[in-house]
Amino acid sequence: MTVIEFQNLPNAQQSQKSTLPHLGLVCITSDKQVRFRTMTRTRYLKLSLSDRKIALSELYRHNLQRLHDALSFCEQNQIQLYRMSSALFPLSDLEDEIGANILETMSADLATIGQRANALSIRMVLHPDQYVVLSSDSPEVVQASINNLAGHARIFDLLGLPRSPWSLMNIHGGKSQRPEQLVKVISELPENIKSRLTLENDEYAYSADEILAVCQQASVPMVFDAHHHICHENLDSYDHPSVASMFYAARETWTNPDWQLVHISNGEQAFNDRKHSDLITDMPNVYHQAPWIEVEAKRKEEAIAHLRSWWLMKNNCT
């Protein structure tokens, strides 16, 4: 692990913001107010072509309404960052194109949601599933990963979300020790994917140092995850010097630093536990400088409310 040095780091650490960062809701709520339906590929393929269309149409309409509900929940709870579910419109990337065609017929409704999010100043982002592995040894896996990202990018376009890291699609590095492959594949991605792509460090394959190097070479922003970092490096504190160093190094990959997004989670049973806890009770001090924080905790909106109260009490924010 390399500790990156910054001449201005001590001053930056001492200078804490007087306002609360934007805390983000991840996909659903704990109390079932925001829930989405899904369908397995196995079940779908057992249906006739006509039944597939009927089933997906009904499912997509249901989830579209739930997405409206999610925006309403965020508005009511003063949440300005929302991570959409990667399974919002399941099976829309299949070769039969039934799901894709249904989404086209819903384009006006999707655009309305994007306009509403913009009017409410709610930033919408996405974390595609774990099967997106751009660094795979298998050309088939890489192509399937690109197809998956293309499907998400198409939904973002239908929502009218900008082609920029404001509306990011965040992925992990995938197969370890393949940075050159990762950079090469990213360089060849279509513009509607690459313009939104961000990379995140993880606990196993790509350390914060390693994913930072990929981001610098590929010219994409880095989403720094402090908990992944302390797990990967086996650290005993979020305030280890490398946490602040990596936070600021990640910031430099963002063309607009005000858009920088970071993740926070706590271990369930122990500090280095990779499983997420119910609430957030420990935060890196440097996260006072973070403009946008996704809260990855099991209790979802309860964790956001708890963290907001704790932050305001600790820092006497306005």
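Parameters at a glance
- Residues numbered from 1 in each chain as written.
- Predicted model: local features only at pLDDT ≥ 70, side-chain atom pairs only at ≥ 80, totals over all residues.
- Heavy atoms only, no water.
- Axes fitted to C-alpha atoms, helices over the stretch in contact; angles between N-to-C directions.
- Helix = DSSP H or I, 4+ residues; strand = E, 2+ residues; numbered from the N terminus.
- Parallel < 35°, antiparallel > 145°, perpendicular 65-115°, else oblique.
- Contact = heavy atoms within 4.5 Å.
- Nonpolar A, V, L, I, M, F, W, Y, C, P; charged D, E, K, R; others polar.
- Polar contact = N/O pair within 3.5 Å; in protein donor to acceptor, adjacent residues only side chain to side chain.
- Buried < 20%, exposed > 50% of the residue type's maximum accessible area, 1.4 Å probe, protein only.
- Phe/Tyr/Trp six-rings, centres within 6.5 Å; stacked < 30°, edge-to-face > 60°.
- Lys NZ or Arg CZ within 6 Å of the ring centre and 35° of its normal.
- pLDDT = per-residue confidence, 0-100.
- Domains from an automatic or database assignment.
- Buried area = accessible area lost by both parts, 1.4 Å probe.
- Salt bridge = Lys/Arg side-chain N within 4 Å of Asp/Glu carboxyl O.

### Quick word on the packing of helix H4 (residues 98-105) against helix H6 (residues 139-159)
It is at 11 Å that the axes of H4 and H6 come closest, and there the two elements cross at 10°. Between H4 and H6, the crossing angle belongs to the class labelled roughly parallel. Between H4, through Ala100, Leu103 and Glu104, and H6, the contact on the second element is made entirely by Arg154, Ile155 and Leu158. Looking at the contact of H4 with H6, its residues break down into four nonpolar, no polar and two charged.

### A closer look at the side chain of Asn266
Tracing the chain through its elements places Asn266 in the loop between strand S7 (261-264) and strand S8 (292-295). Only 3.2 Å separates the side chain of Asn266 from the side chain of Tyr238, close enough to count as a polar contact. Reaching out from Asn266, the side chain makes a polar contact with the backbone oxygen of Asp282 at a distance of 2.9 Å. For Asn266, the contacting residues outside a window of four places in its chain are His227, Tyr238, Lys275, His276, Ser277, Leu279, Ile280, Thr281 and Asp282.

### Re helix H7 (residues 179-187)
Quick reminder: α-helices carry 3.6 residues per turn. Residues three or four places apart thus point the same way. When H7 is considered as a whole, its buried residues turn out to be Gln181, Leu182, Val183, Val185 and Ile186. Next to the buried residues of H7 lie H6, helix H8 (191-194), strand S5 (197-200) and helix H9 (208-218).

### Considerations on the packing of aromatic side chains
For any two aromatic rings, the description comes down to two numbers: the centre-to-centre distance and the angle of the planes. This structure, assessed with the given rule, holds six aromatic pairs. Judged by centre distance (5.9 Å) and plane angle (45°), the ring pair of Phe247 and Tyr287 falls under tilted. Placement of Phe247 in helix H11 (residues 241-251) and of Tyr287 in the loop between S7 and S8 is noted, with a sequence separation of 40 residues between them. For the pair Phe247 and Tyr287, one class covers both residues: buried. Between the NZ or CZ atom of Arg123 and the centre of the ring of Trp292, over which it lies, the distance is 5.1 Å.

### Observations regarding unusual backbone geometry
Only a minority of non-glycine residues have a phi that is not negative, and only a minority of peptide bonds are not trans. At Gln177, a position not held by glycine, the phi torsion is positive, near 60°. By the secondary structure assignment, Gln177 is in the loop between strand S4 (169-172) and H7. In this structure Gln177 comes out as exposed when scored by relative accessible area, which is 72%.

### Observations concerning the confidence of the model for the protein chain
Residues with a pLDDT of 70 or more make up 93% of the protein chain, whose mean pLDDT is 91. Contacts of residues 1-16 to residues separated by more than four positions or lying in other chains number 29 contacts, the stretch itself having pLDDT below 50.

### Section: the domain arrangement of the protein chain
One frequent convention defines the size of an interface as the accessible area lost when the parts assemble. Each assigned domain of the protein chain is listed here: domain 1 (20-126), domain 2 (129-160 + 172-220) and domain 3 (223-317). Once you take the C-alpha centre of each, domain 1 and domain 3 turn out to be 27 Å apart. Taken together, the contact between domain 1 and domain 3 spans 20 residues of the former and 21 residues of the latter. Taking both sides of the interface into account, the surface hidden between domain 1 and domain 3 amounts to around 1,800 Å²; carbon and sulfur atoms contribute 61%. For domain 1, the biggest contributors to the area lost against domain 3 are Leu20, Leu23 and Arg123; these three give 33% of the whole. At the boundary of domain 1 and domain 3, one finds two salt bridges.

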